[in-house]
Amino acid sequence: VQAGDGNFYSPSLPTYVACGTDPTHICSYIYKMTPAGTASVFYAFQPAPNATVNADGLAPTALIVGTDGNLYGACKYGGLGGVGTIFEISLKGDFTLMKTFTTNGNALDPGYQPLDLVQGNDGNFYFTNGIGIYELIPSGTSSTVTTLYTFPFDVNSSTFSDGFNANSMVQGSDGNFYLTLLQAPNTVQGQGTQGAIAKFNPATKALTVMHPLNPDGSEGDHPDGPLLEASDGAFYG
């Protein structure tokens, strides 16, 4: 992404990467590149052992520029709970941990292991974690997360009627959110060619599957978004 200072910022891959100086620990970074092509490490997340627990997060899955000009992002792993974080970084490098996801026995915080992050028209942040859609209301280090939608699961057939594993989301000009799903509706988890495009209405909390990708793979599969709304009003991905 290009920030207001004209520089470009990018996270490292959302996977485990061994630290170059210590392969027994995992490292993640946010990089800065000037328009002239000079690259540097803008922010280094705290190295973590293989247990993936650290203070600020690991394996970033999203990085966006907020309406205030600061950078905001999500990590799938890391944090004190080991299951992800949502953070803010000013262009001066000041880091604020907005949310750290934790576990309590078998219970996991709503929104754990976030896969994306967008800022809505209302100024709040929205994200998915594969099994649900969530809203984060920013308030410094005490930001709150609310579950907006959970993909329904049929235990008898082992299928999700609306699909699941939403891995990207954008807000359209109509105010709705548009998602890419790795798993098509009514398909057994992990089987077959998968994928779909869905729409989520934040006012009614209703999700509509707009287009399941053809099961023969002719339209592609496993869409990896995010989608882009073009000037013609259509979405491309």
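Just so you know, these numbers come straight off a predicted model, no measurement behind them.

1. Some thoughts on the overall build of the protein chain
1) Next: On a plain count of helices and strands, the protein chain comes out with zero helices and 23 strands.
2) Next: The C-alpha radius of gyration of the protein chain comes to 18 Å, within 12% of the 18 Å expected for a compact globule of 237 residues.
3) Next: Buried residues in the protein chain amount to 44% of all 237 residues.
4) Next: Accessible surface, the protein chain: about 11300 Å² in total, of which carbon and sulfur atoms supply 53%.
5) Next: Taking the average location of the 6 positive side-chain charges in the protein chain and that of its 19 negative ones, the two points are 8 Å from each other.

2. Details of the pairing of strand 6 (residues 58-65)
Where a strand is regular, its side chains alternate between the two sheet faces.
1) Next: When you tally the buried positions in strand 6, you get six out of eight residues, the bulk of the element.
2) Next: Inspection of the sheet shows strand 6 paired to strand 7 (residues 71-77) by six bridges, in the antiparallel sense. Residue pairing across strands places Leu-63 opposite Gly-73, the latter belonging to strand 7.
3) Next: In this antiparallel pair of consecutive strands, strand 6 and strand 7, the connection spans five residues, and Gly-69 shows a positive phi of 90°.

3. Let's talk about the state of the cysteines
1) Next: Here the structure, examined in full by the defined rule, presents one disulfide.
2) Next: Note on cysteine connectivity: Cys-19 is disulfide-linked to Cys-27, with sulfurs 1.9 Å apart. Sign of the S-S torsion, about 95° for the bond between Cys-19 and Cys-27, identifies this disulfide as right-handed.
3) Next: We classify Cys-19 as buried; its relative accessible area is 6%.
4) Next: By relative accessible area, Cys-27 is classed as buried at 7%.
5) Next: Cys-27 provides the cysteine sulfur closest to Cys-75, a residue in no disulfide bond, and the two sulfurs are 12 Å apart.

4. Some details on the sheet that holds strand 8 (residues 85-89)
1) Next: If you trace the four strands from one edge of the open sheet to the other, you get 6-7-8-9, paired in antiparallel fashion. Two strands bound the open sheet, and with one partner strand each, they are strand 6 and strand 9 (95-100). Recorded for the sheet is a direction-independent mean angle of 25° between the axes of neighbouring strands.
2) Next: Alignment of strand 8 against strand 9, held across five bridges, turns out to be antiparallel. Its bridge partner being in strand 9, Thr-85 is matched across the sheet by Thr-100.

5. Looking at the side chain of Ser-12
1) Next: Position of Ser-12 among the secondary structure elements: in the loop between strand 1 (8-11) and strand 2 (25-26).
2) Next: When near neighbours in sequence (up to four residues on either side) are disregarded, Ser-12 contacts Ser-28, Tyr-29, Tyr-31 and Pro-60.

6. Focus on the sheet that holds strand 18 (residues 164-171)
Sheets are built from strands paired through backbone hydrogen bonds, the pairs being either parallel or antiparallel.
1) Next: Spatially, 18-19-20-21 is the arrangement adopted by the four strands of the open sheet, whose pairing is antiparallel. Each having just a single partner strand, strand 18 and strand 21 (206-212) make up the two edges of the open sheet. On average, each strand axis in the sheet is tilted by 30° relative to the strand beside it, whichever way the strands run.

7. Side note on the nonpolar core
1) Next: With 17 residues, the main nonpolar core has Phe-151, Leu-179 and Phe-200 as its most contacted residues.
2) Next: Once you skip the residues sitting within four places of it in the chain, Phe-151 turns out to touch Gly-130, Ile-131, Gly-132, Phe-160, Asp-162, Gly-163, Phe-164, Ala-166, Leu-181 and Leu-207.
3) Next: Core analysis: the next-biggest nonpolar cluster, separate from the first, contains 14 residues, Ala-74, Met-98, Leu-117 and Tyr-134 among them.

8. What to know about the packing of aromatic side chains
1) Next: Here the structure, examined in full by the defined rule, presents 17 aromatic pairs.
2) Next: A ring pair is formed by Tyr-29 and Tyr-31, whose centres lie 5.9 Å apart and whose planes are at 40°; its orientation type is tilted.
3) Next: Tyr-29 gets classed as partly exposed once you look at its relative accessible area, which sits at 23%.
4) Next: Note on Phe-87 and Phe-95: the rings are 5.6 Å apart at their centroids and 20° apart in plane angle, and the pair reads as stacked.
5) Next: In this structure Phe-95 comes out as partly exposed when scored by relative accessible area, which is 24%.
6) Next: An aromatic cluster is present here, built from Tyr-43, Phe-45, Phe-87 and Phe-95 joined pairwise through their rings.

Rules and cut-offs
- Residues numbered from 1 in each chain as written.
- Predicted model: local features only at pLDDT ≥ 70, side-chain atom pairs only at ≥ 80, totals over all residues.
- Heavy atoms only, no water.
- Helix = DSSP H or I, 4+ residues; strand = E, 2+ residues; numbered from the N terminus.
- Rg over C-alpha atoms; globule rule 2.2 N^0.38 Å.
- Buried < 20%, exposed > 50% of the residue type's maximum accessible area, 1.4 Å probe, protein only.
- Areas by Shrake-Rupley, 256 points an atom, 1.4 Å probe, with all protein chains shown as cover.
- Lys, Arg positive; Asp, Glu negative; His and termini not counted.
- Charge placed at Lys NZ, Arg CZ, Asp CG, Glu CD.
- Pairing = 2+ DSSP bridges.
- Disulfide = S-S within 2.5 Å.
- Axes fitted to C-alpha atoms, helices over the stretch in contact; angles between N-to-C directions.
- Contact = heavy atoms within 4.5 Å.
- Core = buried A, V, L, I, M, F, W, Y, C linked by side-chain atoms within 4.5 Å.
- Phe/Tyr/Trp six-rings, centres within 6.5 Å; stacked < 30°, edge-to-face > 60°.

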